[in-house]
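Architecture at a glance
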Amino acid sequence: MTFAKIRLVIPSLVFLLIPDAATASSGYAVNQVEPREGYIYELNHWVVRPGDDVHRAIGSVPDSSWKDISSFESSPLQGIWWVRTNVTISGSAPENKFFALLPDRIVSAYEVYWDDRYVASNGVVSADPRLEVVGRYFSVMQIPKELSGTGNHILTLRISNWHVNARWEAGQFFFGYYDSMIRLIYTWQLRIYFLLGVVFLAMCLHLFLFFTSHRHLSFLLFALLCAGIFISLLVNYYWAVADVSSTYLEYRNLLVPVSLVIIGIAMPMFFLLEFRFPYIIPATVLILAGNSIAFLTHADTEHLNNLIFYLLVVLMSVLAAWGFFRKREGAAPVSFAVAASVLIGLADLRFGIDNLTIFSLSIIICYTYMLARQFASNENQKQDALVRSIRLENQLLKRSINPHYVLNSLTSVIVWLKKKPSTAIKLVESLSEEFRIVAQVSNLQKIAMRTEIDLCRAHLRIMSFRKKGKFSLEHHNIDPQEEIPPMIFHTLIENGLTHSYEDRSEGRFVLTRSVSPRGVVYSLFNDSCAPSSGSDHPAGTGFKYVQARLEESYPGRWSLNYGNVKDGYEVTIALFNHSKHGV
Amino acid sequence: MRVLIVEDEKPIADDLRIVCRRLLREKAESIHIELTYANAMEYLSRRQIDVMLLDLNLSGRDGFELLRHAVSYAFQTIVVSANVDRALEAFEYGVLDFIPKPYNEARIKKALSRLQRSSLRPAPAVKYLSVRKHGTVFVVPVSEVTFIKGADVYAELHLRNGTKELHDKTLNELSRILPDHFFRVHKSYIVDINSVQRFVIHGGGRYTLELHSQEELPVARSKFGELKRRLDDL
């Protein structure tokens, strides 16, 4: 026997089959089923007869008053009907096995007849609305073993719906071994618990991030998206985790569209912000319009699910492509998620989960991966910044208290002790002041300008003694309280003294500050000629230190220029209020 | 003795001059100070000196660029510097001595005494000889030199690859700084013992050395005994 279609229900070995059709002697198609462990059949070829004429439903041959169920139309359905189909069982079941029928989404109450004999009911069926009692949404009806032997059988149901505002003809009827039905339920439970857990954790993570991080709106949006998926999953598959009344379908049909629209809006809105899409307003209007059209035109929740899915695939594909070409972080994972979920849908590897949930989960997983990468990158950057900071601190100490400088200075002290002890004392005092300030500021990222100037002047005094000359520092428009990275100007002055006053023992340094709407500019002028060849320039360690300190304190917001000016040489440092690149 | 002090800090330069004057006394013919290397080179183009006291850290310039230049001249170079981590390297370039800063008079005295004691080689031996050619200075590894021939006030370095380079120091001055395996075999020749293939006795008091490169060098009669001992030791 072959089967028209097989759908796998993982993880358990429960196979959902569509049985072959054959034609009964009555001329109606029948469902051919074979008793097999782990297999469940979805019964088709139903005919329906509105009304409660039991004599024409039981113990008689169907006449023309029975219609094919596919032509049956009613929305919402209120009334009482009989439905029937034929089932041919080939082969006998083992002693310990018995068949069962599992109606799905059949509201509100029904009775089951097997070969025109009553076997079970769910709720109380009645032609009188006052007498109807709504049954359970999910009920496995056992077929007596003595009735379900090999051969042709008639399966008839009497259905009434007076209390639930939902349609039933989109429902399904499953037939197979009883334990296979139960295993099917357990499989769904596991799957739903797992998916709910994934989405719930993602929702909590982004809510926590919303409350603890600066990136407020995007985290909240993503949490909202996760909430939408969570509600959709929980409501859609609540029947798998709890025993609910058939009225559940009514609430499901109400809540699921809401959750779908939340997903349909939150997902693209989140990525609009994440990718910094420039046309926010038109894009938002488009998203709202698309979701509105889907909501207003949907026939049922499954239809709405598909509409929202298609809408999101289009929107997210466009966004991902735009983000990819604009090199926005996250565009690649989102593109992958879109492609993967479309392929999963095409290959029908959804394991019974709807397209939209699969798509949303793919987006969550890929985005969470991207978030993890960002966190790792931020952590690495912090570590690098810490290492850089420590390295800069070491450089600062090495530059100012390096052995060569100390030994040369001590030599000078000895020479002055022999020549003029009072000068030697002043030299030692200046050295002490310089080293003391360096020790105080070495582990600071910024210091007051007053301290920097004191440091520069101490150094100039030392070099004046060493070279038996006079080096001075003037300053204009300096704010003593303003903070700058340590030893910026000290390094530049040291550079200037070393390379530009080779054969001079006198020099004048002038530090000027000017303010503009764009930021602050510092100019350090000295009255020397151009630096000697091979001297320290942007490639040298002194300038490298200055540049590293500026980048540490003003990332992307500074510039350093240098060159000959009238009567001297000038280095200019500009500190901008905003990034140079306008981002 | 003619001394040139190259030091960019004037108080230290003055002090060095005072110390040198005190140590050299009547032997000091002139002690001149230049604060920059450029001025020192300009001075050297006009005047001859016997020794230069050189600070390696002049106005931030690379000290060894200066050193390579300085040792290419005929005079001896004594380094006075705080860069003690490069003392070994300085000796390899052929300086007479390296005085670390801060210095004292006793240390300078010791360095100046090396000038008078020709047999006293600084340790470790020089590894490079600087050669000035066409306005530039390049170094010749001592390991490439097979023998050196005196050429008036210069020395002709004969290299293993068959080329020759002219060095400004005399054979006497080179003798002070070259490694032990270089031996003065003649008033006009210093040879690397390792380059000798055989020692030839011609008779009549004439001796020659035949090198691996097939060249023949004369050996002074007065050097015969010591040379033979050195060759036997190999």
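Turning our attention to the overall build of chain A. Secondary structure summary: chain A contains 14 helices and 21 strands in total. Residues counted as buried form 51% of the 583 residues belonging to chain A. Of the contacts made within chain A by residues no fewer than 6 positions apart, 73% connect residues no fewer than 24 positions apart. For chain A, the exposed surface amounts to about 27300 Å²; the carbon and sulfur share of it is 60%.

Within the secondary structure layout, A:G290 lies in helix 6 (residues 280–297). Here the alpha-carbon distance between A:G290 and A:L312, two residues 22 residues apart in the chain, equals 9.3 Å.

Let us look at the pairing of strand 13 (residues 196–203) of chain B. All names here are of chain B. Two strands pair when backbone bridges link them, and strand 13 and strand 14 (residues 206–211) are joined in this way by 6 bridges, in the antiparallel orientation. Bridging across to strand 14, R198 finds its partner in E210. Counting the residues in the hairpin turn of strand 13 and strand 14 gives 2 residues, including G204, whose phi is positive at 70 degrees.

The subject of this paragraph is the sheet that holds strand 14 of chain B. All names here are of chain B. Strand order in this open sheet of 3 strands is 13-14-15, and the pairing throughout is antiparallel. Two strands close off the open sheet at either side, each with one partner strand: strand 13 and strand 15 (216–219). Pairwise comparison of adjacent strand axes, ignoring direction, gives a mean angle of 30 degrees for this sheet. Relative to strand 13, helix 7 (residues 224–233) is tilted by about 145 degrees, and along the sheet it contacts strand 13, strand 14 and strand 15.

It is worth spelling out the pattern of salt bridges at this point. Residue and element names in this part refer to chain A. Under the defined criterion, the tally for this structure stands at 34 salt bridges over all chains. Between D243 and R136 there is a salt bridge, with the nearest N and O atoms lying 3.4 Å from each other. Highlighted residues: D243 in the loop between helix 4 (238–241) and helix 5 (248–274) and R136 in the loop between strand 11 (117–122) and strand 12 (141–142), separated in sequence by 107 residues. For D243, a relative accessible area of 55% gives the class exposed. On the basis of relative accessibility, which here comes to 34%, the residue R136 falls in the partly exposed class. Through salt bridges with shared partners, one network takes in E37, K97, D179 and R183.

Once that is clear, we can look at the sheet that holds strand 12 (residues 189–192) of chain B. Residues and elements named next belong to chain B. A sheet is described by the order of its strands in space; here 5 strands give the open sequence 10-9-8-12-11, paired in antiparallel fashion. A single partner strand is all that each edge strand has here, and the edge strands are strand 10 (164–167) and strand 11 (182–186). Shown here is a sheet whose adjacent strand axes are inclined to one another by a mean of 25 degrees, direction ignored. One ladder, built from 6 bridges, connects strand 8 (residues 145–151) with strand 9 (residues 154–159); its direction is antiparallel. Considered in strand 9, the bridge of V145 is made with L159.

A few words now on a nonpolar patch on the surface. Residues and elements named next belong to chain A. A cluster of nonpolar residues, L207, F208, F211, L217, L220 and L273, forms a patch on the protein surface that exposes about 590 Å² of accessible area. Secondary-structure elements contributing two or more residues to the nonpolar patch are helix 2 (178–212) and helix 3 (216–236). When residues of the nonpolar patch are assigned to their parent elements, the largest contribution, 3 residues, is made by helix 2. Mapped onto the elements of the fold, L207 is located in helix 2.

It is worth spelling out the interface of chain B and chain A at this point. Each partner contributes to the interface: chain B provides 21 residues, whereas chain A provides 19 residues. Interface of chain B and chain A: buried area, both sides summed, is about 1800 Å²; carbon and sulfur atoms make up 54% of it. Contact with chain A buries area across many residues of chain B, yet B:E9, B:P11 and B:S59 alone supply 30% of it, more than any other trio. Residue B:D15 is joined to A:K418 by a salt bridge in which the shortest nitrogen-to-oxygen separation is 3.0 Å. At the boundary of chain B with chain A, the tally comes to 3 residue pairs in polar contact (both at pLDDT 80 or more). When grouped by side-chain class, the residues that make up the side of chain B that touches chain A number 8 nonpolar, 5 polar and 8 charged.

Residue and element names in this part refer to chain A. Where helix 10 (residues 403–419) contacts helix 11 (residues 421–441), the two axes come as close as 6 Å, and the packing angle between them is 155 degrees. Compared by their axis directions, helix 10 and helix 11 come out roughly antiparallel. Across the interface between the two elements, Y405, V406, S409, S412, V413, W416, L417 and K419 of helix 10 pack against P421, T423, A424, L427, V428, L431, E434 and F435 of helix 11. Broken down by class, the residue content of the contact of helix 10 with helix 11 amounts to 11 nonpolar, 3 polar and 2 charged.

For the rest of this paragraph, the subject is the nonpolar core. Residue and element names in this part refer to chain A. Core analysis: the largest hydrophobic core is formed by 106 residues, its most contacted members being L101, L157, W168, F175, W239 and F271. Ranked by residues supplied to this core, first place goes to helix 2 with 12 residues. Apart from the residues within four sequence positions on either side, F175 is in contact with V33, I40, Y41, L43, V87, I89, F99, A100, L101, W114, I143 and M181. Residues I478, Y522, V546 and L550 belong to the second largest nonpolar core, which totals 47 residues.

For the rest of this paragraph, the subject is the environment of B:V185. Relative to the helices and strands, B:V185 resides in strand 11. Spatially, the C-alpha atoms of B:V185 and B:E226 are 9.2 Å apart, while their sequence positions differ by 41 residues.

How each quantity is defined
- Residues numbered from 1 in each chain as written.
- Chains lettered and ligands numbered in written order.
- Predicted model: local features only at pLDDT ≥ 70, side-chain atom pairs only at ≥ 80, totals over all residues.
- Heavy atoms only, no water.
- Helix = DSSP H or I, 4+ residues; strand = E, 2+ residues; numbered from the N terminus.
- Buried < 20%, exposed > 50% of the residue type's maximum accessible area, 1.4 Å probe, protein only.
- Contact = heavy atoms within 4.5 Å.
- Areas by Shrake-Rupley, 256 points an atom, 1.4 Å probe, with all protein chains shown as cover.
- Pairing = 2+ DSSP bridges.
- Axes fitted to C-alpha atoms, helices over the stretch in contact; angles between N-to-C directions.
- Salt bridge = Lys/Arg side-chain N within 4 Å of Asp/Glu carboxyl O.
- Patch = residues over 30% accessible without salt bridge, like charges linked within 9 Å, V, L, I, M, F, W, Y side chains within 5 Å.
- Buried area = accessible area lost by both parts, 1.4 Å probe.
- Polar contact = N/O pair within 3.5 Å; in protein donor to acceptor, adjacent residues only side chain to side chain.
- Nonpolar A, V, L, I, M, F, W, Y, C, P; charged D, E, K, R; others polar.
- Parallel < 35°, antiparallel > 145°, perpendicular 65-115°, else oblique.
- Core = buried A, V, L, I, M, F, W, Y, C linked by side-chain atoms within 4.5 Å.

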